[in-house]
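Survey of secondary and tertiary structure
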Amino acid sequence: MTDVIRQACILVGGKGTRLGDLARMVPKPLLEIAPGTTFLDLVIGELARQGFNDLVLLAGHLGDVVRERYDGRTVAAARVRVVIEPEPRGTGGALTCAGDLLTPRFLLLNGDSLFDINMRALAAEPMAADVEGLLALRRIADPARYGTVALTDNRITGFREKNPAVSGPALINAGIYVLRASVINRVSTLPCSIETDIFPALAREGRLAGVEREGYFLDIGLPETLAQGRRELLAVRRRPAVFLDRDGVLNVDHGYVHRPDQIDWIPGAIAAVRSLNDLGYRIVVVTNQAGVAHGHYEEEAVHTLHAWMRDALAAHGAFIDAFYHCPYHPDGKVERFRLAHVDRKPGPGMILRALADLDIDKENSFLIGDKQSDIAAAEAAGIPGFLFAGGNLAEFVDDCRKRRVGAALGLQAGGEFAP
Ligand SMILES: [Mg+2]
């Protein structure tokens, strides 16, 4: 599990010339899509929830503005650093400035586009030893505005320049890559562009892979697409949540589970989380941990176990947005945890906190638990709860989702709740 990718670099140095005056004072990714919320805030929030906790912003043009707002900031568990390129030398030049910071494999994203996919799954895609980069590709109906990509057996064989005469569906580079740090050795002469210098060279050598993904996509490079972002992006960020009890739902309830060696995943549990990730739900674990109050283990053990579970899920391209645990019990032995607390299910405290902390579409959210107290907590928080009596969790989740979604919502490509 040492190979779980936790680092994401974001290119935020572009000049945004096509936006004219709109991007004169701030770099394009720092344009607001709502009062107080920049486009980059959305990209960062998405990476953080998917478990990328080492975020490096590659800044150039107006780099001080980026540093001022983001350097040293933490977003959920993610730490943000800003690297400023002293002079503009293309995206390849920007990447070399981060050379010392790069982990052996990392995610690289365009800071001015958003492709709403499970990036954790992209990071978990197997990469052959001779492959230096893996690109997320998107099939679009009208590719005239973009260059297109030729893909054969998951290897990229070539790139075609933007051509207004091209019609019909084609694959485009959607601006999210998994790269090996060795890719910076490819930057020989400056300026250097990752997209137009390095990638075509790698493709010629057969060292560039691609996978097609579906999902909401927006590039804010034009005044009209920026306006579209301002209309649509807050709805993209607002996602329904599936609240999951832990013991008896994700893992077998052996009683006071608190160490990795005690985790026996419920059949279909990892697949269930992965499929909910792919569909665009938030996943929030809400777990009573009275073992802390009873003195069976320290609260730190809960955090350590949850970090271990995150890594185990990440290897399968799955992630949990947030874990909430309640260490309290009214009859606890440990005094500071001896408390009747609203967080302890059947109390709704943990669910209500998550609803306040995360941008959740409550209307389409639900909970799965294995005890009546889980269901009572859900109902007290105003969401439906489904009782899991054992079996395969992936099948059960599928069934709950169908019952929940019903016919009222139109299904759309890229997730049931895509705007
Ligand atoms: Mg349980």
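Basis of the calculations
- Residues numbered from 1 in each chain as written.
- Predicted model: local features only at pLDDT ≥ 70, side-chain atom pairs only at ≥ 80, totals over all residues.
- Heavy atoms only, no water.
- Phe/Tyr/Trp six-rings, centres within 6.5 Å; stacked < 30°, edge-to-face > 60°.
- Helix = DSSP H or I, 4+ residues; strand = E, 2+ residues; numbered from the N terminus.
- Buried < 20%, exposed > 50% of the residue type's maximum accessible area, 1.4 Å probe, protein only.
- Core = buried A, V, L, I, M, F, W, Y, C linked by side-chain atoms within 4.5 Å.
- Contact = heavy atoms within 4.5 Å.
- Pairing = 2+ DSSP bridges.
- Axes fitted to C-alpha atoms, helices over the stretch in contact; angles between N-to-C directions.

Examining the packing of aromatic side chains
Per the counting criterion, the structure on display carries seven aromatic pairs. With a centroid separation of 4.8 Å and 85° between ring planes, the pair formed by Tyr177 and Phe199 is classed as edge-to-face. Of this pair, Tyr177 sits in strand β12 (residues 170-180) while Phe199 sits in helix α5 (residues 194-204), placing them 22 residues apart in sequence. The pair formed by Tyr177 and Phe199 is uniform in burial state, with each residue classed as buried.

Focus: the nonpolar core
General note: in soluble globular proteins, nonpolar side chains tend to be found buried as a group. By size, the foremost hydrophobic cluster in this structure holds 54 residues, and its most contacted members are Leu47, Leu57 and Leu107. Considering each element in turn, this core owes the most residues, seven residues, to helix α1 (residues 39-49). Those residues in contact with Leu57 that lie beyond four places of it in its chain are Ile10, Val12, Leu40, Ile44, Val66, Tyr70, Val80, Arg81, Val82 and Val83. Among the nonpolar cores identified, the runner-up in size contains 29 residues, and Val242, Leu244, Leu276 and Tyr281 belong to it.

A short note on the sheet that holds strand β19 (residues 385-387)
Strand order across the open sheet formed by five strands is β17-β16-β15-β18-β19, with parallel pairing between neighbours. Every interior strand has two partners, whereas the edge strands, β17 (322-326) and β19, have only one. Averaged over all neighbouring strand pairs, the angle between strand axes comes to 20°, with direction disregarded. The pairing of strand β16 (residues 282-288) with β17 spans five bridges and is classified as parallel. Counted as the bridge partner of Asn288 is Cys326 from β17.

Some points on the pairing of strand β1 (residues 7-11)
The buried fraction of β1 amounts to five of the five residues, a majority that puts the element mostly inside the structure. The alternating pattern of β1 places Gln7, Cys9 and Leu11 and Ala8 and Ile10 on opposite faces, both of which are buried. In the sheet, β1 pairs with strand β4 (residues 54-59) via five bridges, with the strands oriented parallel. Bridge pairing in β4 links Ile10 to Leu57.

The analysis is restricted to geometry; functional conclusions fall outside its scope.
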